[in-house]
Amino acid sequence: MKTALVILDDVDRVDQIDELLNQQHLFAAGSKIIVTTKCEDVLIMKGIENHKIYKPNELDEDESLKLFSHHAFLSERPLEPFVELSKQVVQLTGGLPLELEIFGSLFYNIRTEDEWEEMLIDLGTEAFERLHPLRLLRVNFANFKNNDFRNFPEDLKWLEWRGCPSESLPLDCRFKKLSILILSQSNITQLWNESAPSGTELNMKLEEGVFHGLKVLDLSFCAHLNSSPGFASVPNLQKLILDDCTSLTELDESLGCLEELKFLSMRMCENLTRLPNNMHQLLSLENLILRNCSKLSAIPKLPSSLITLDAEDCTDLQMPLDFSNLTNLKSLNLEGCKMIEYFNGLGGLESIEVLLMDGCERLSSDFMEKFQGMRFEHLKEFSITGSRSYFETLGEAMVFMFPYGSEKDPLLMDYVRCHGDVIDDKNHRNIMVLIRYYAGDEVKFEAVKEACRDDDNDLEDHNRGYCYTLNLNGNDEVTRQLTAFYNKIYISTADGSLLRRIDMKLRHNNYWAGNTS
């Protein structure tokens, strides 16, 4: 492996960063990753500290005027009669380069002061009418006269208006050709109203299929969105993004009519309490992201088409889950779902590659027993939290049960994280961990290892103690590889330290070989 500089440009979703981080083992130590984005919230959601975020300055008035003039006059300065008018246009853009380029193009070839003043007064109406051949339009954080969607070119296929000040979308706009609509970080409270009485003009607009061509709808970070749109108006929707819509409590039942929907993300919808019961009707759904929906208590039956389910940190999730029909599921993330005791259908996850359950502190001993002798041929990554209830006589020890991976590419131990308090205050930087491997009830191997203080992985609840991590990724071949043969492990401290929780992660053997195929 070689040291690399990786640049991820124009990121607007957390999963784009996640996809890259999942491959970071391919980069040598010292590699750097630079992420550029217009949405600072994306970085905050990933837990990136503020001092690591570089915020370039907006263009000052002189630089803005030069960029605008370059597009409006093909020169560095505006023509003499238009200097003051140009400055007024520059003020509207807030020094944002993309808006300066767009507005400069709008004023190109307009050479009378009256026409300029008319454009300024009615910017957003005649301005967009002049762009009738336009197919893609980005006007992020712009504010036009009346902010009227009806003035946009009718041939638009992609409209991106982050920070749109409007509270709703008029159904009499001309969007029959629109495929992608991005209104992230907007003031939208209700996208449109489908409850119009039959025969009314509004109802007729719905029936005309104003948005029938829409494939992608992004309403992420719309903090005022208090009800989801009705989905009968967008029957061909394939991708729906509702991340961080903090006022949203539920989705409209019409969601079930979206037979073409492949991707649904509701990350950090912290007040979302329920999902529609007809989600199993989403016959094309492949990716469902519910991460940090902390008030969601249940997940209804899902379609068998699902490939990825991310419910990390859904801390209220506790109703019995049934995944018995998810034979195509490759990635299941239940990390931090501390109320879950079990789920049905474990043996039916025949395609599973990633199964993450660390932080599921209430997993029952009956559920853990199901892993005994179970083998997932495609499993590449597995994590789990130790259960105290398995052997009550073991005191502070915890017992792990986990499935086998492929015989050709077995699961090996990556790390053990112990959360608790050390017994010796003078030696607070490490604890000694006792690991025993079992075949049935017989101990086959045991070892005492040192776990070192790990500040980065302390739990938020400091009453749970501190984190001490034992890394085995390449440093201890014997201990690491024993999990390929014995899938029951007893872990305790060897120095009397108090442990309140233990997390373990296993990865497939080829992970360390740099081969993820």
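All figures in this text were calculated on a predicted structure; none of them were measured in a lab.

J.: Which parts of the structure should I look at to understand the overall build of the chain?
T.: Counting its secondary structure elements, the chain contains 10 helices and 22 strands. In the chain, which comprises 517 residues, the proportion classed as buried is 49%. Total accessible area computed for the chain in this model is approximately 24,000 Å², and 46% of it derives from carbon and sulfur atoms.

J.: Got a minute to help me understand the confidence of the model for the chain in this structure?
T.: Interpretation of the predicted coordinates at a detailed level should be avoided for regions scoring low in pLDDT. On average, residues of the chain score 81 in pLDDT, and 86% of them are at 70 or above. Mean pLDDT across the elements of the chain ranges from a minimum in helix H8 (residues 201-208), with 53, to a maximum in strand E10 (residues 308-310), with 96.

J.: I keep staring at unusual backbone geometry and nothing clicks. Help me out?
T.: Glycine aside, residues mostly have negative phi angles, and peptide bonds mostly take the trans form. Its identity is not glycine, yet Leu74 carries a phi of approximately 60°, on the positive side. Summarising the element assignment, Leu74 is placed in the loop between helix H3 (61-72) and helix H4 (83-93). One non-glycine residue, Asp244, lies in positive phi territory at about 60°.

J.: Explain the pairing of strand E21 (residues 488-493) here, please?
T.: Within a regular strand, side chains alternate between the sheet's two faces. Counting buried positions along E21 gives 6 out of 6 residues, so the element sits mostly inside the fold. Side-chain alternation along E21 places Lys488, Tyr490 and Ser492 on one buried face and Ile489, Ile491 and Thr493 on a second face that is also buried. Of the pairings in the sheet, the one linking strand E16 (residues 398-401) to E21 comprises 4 bridges and is antiparallel in character. Its bridge partner being in E21, Met398 is matched across the sheet by Ile491. As paired strands, strand E18 (residues 430-439) and E21 are joined by 6 bridges and run antiparallel to one another.

J.: Is there a simple way to explain H3 in this structure?
T.: For H3, which comprises 12 residues, the first-to-last C-alpha distance of 16 Å matches the rise-based estimate of 16 Å (1.5 Å per residue) to within 8%. Three or more residues of H3 are buried, namely Ser64, Leu65, Leu67, Phe68, Ser69 and Ala72. At the N-terminal end of H3, a side-chain oxygen is found 3.2 Å from the backbone nitrogen of Asp62, two or three residues along, and the residue is Asp60. Where H3 terminates, the next one or two residues include Leu74, which has phi positive at roughly 60°.

J.: I keep staring at the packing of aromatic side chains and nothing clicks. Help me out?
T.: The geometry of two aromatic rings is summed up by the distance between their centres and the angle between their planes. With the rule as written, the count across this model stands at 9 aromatic pairs. Judged by centre distance (5.0 Å) and plane angle (55°), the rings of Phe343 and Phe367 are tilted. Placement of Phe343 in strand E13 (residues 343-344) and of Phe367 in helix H9 (residues 365-369) is noted, with a sequence separation of 24 residues between them. Taken individually, Phe343 and Phe367 each receive the classification buried, so the pair is uniform in this respect. Joined through ring pairs, the aromatic side chains of Phe323, Phe343, Phe367, Phe371 and Phe382 make up one cluster. We note Lys239 situated over the ring of Phe263; from NZ or CZ to the ring centre the distance is 4.9 Å. Stacked on the ring of Tyr468, the Lys or Arg Arg453 has its end atom at 5.8 Å from the ring centre.

Cut-offs and rules
- Residues numbered from 1 in each chain as written.
- Predicted model: local features only at pLDDT ≥ 70, side-chain atom pairs only at ≥ 80, totals over all residues.
- Heavy atoms only, no water.
- Helix = DSSP H or I, 4+ residues; strand = E, 2+ residues; numbered from the N terminus.
- Buried < 20%, exposed > 50% of the residue type's maximum accessible area, 1.4 Å probe, protein only.
- Areas by Shrake-Rupley, 256 points an atom, 1.4 Å probe, with all protein chains shown as cover.
- pLDDT = per-residue confidence, 0-100.
- Pairing = 2+ DSSP bridges.
- Expected span 1.5 Å × (residues − 1).
- Polar contact = N/O pair within 3.5 Å; in protein donor to acceptor, adjacent residues only side chain to side chain.
- Phe/Tyr/Trp six-rings, centres within 6.5 Å; stacked < 30°, edge-to-face > 60°.
- Lys NZ or Arg CZ within 6 Å of the ring centre and 35° of its normal.

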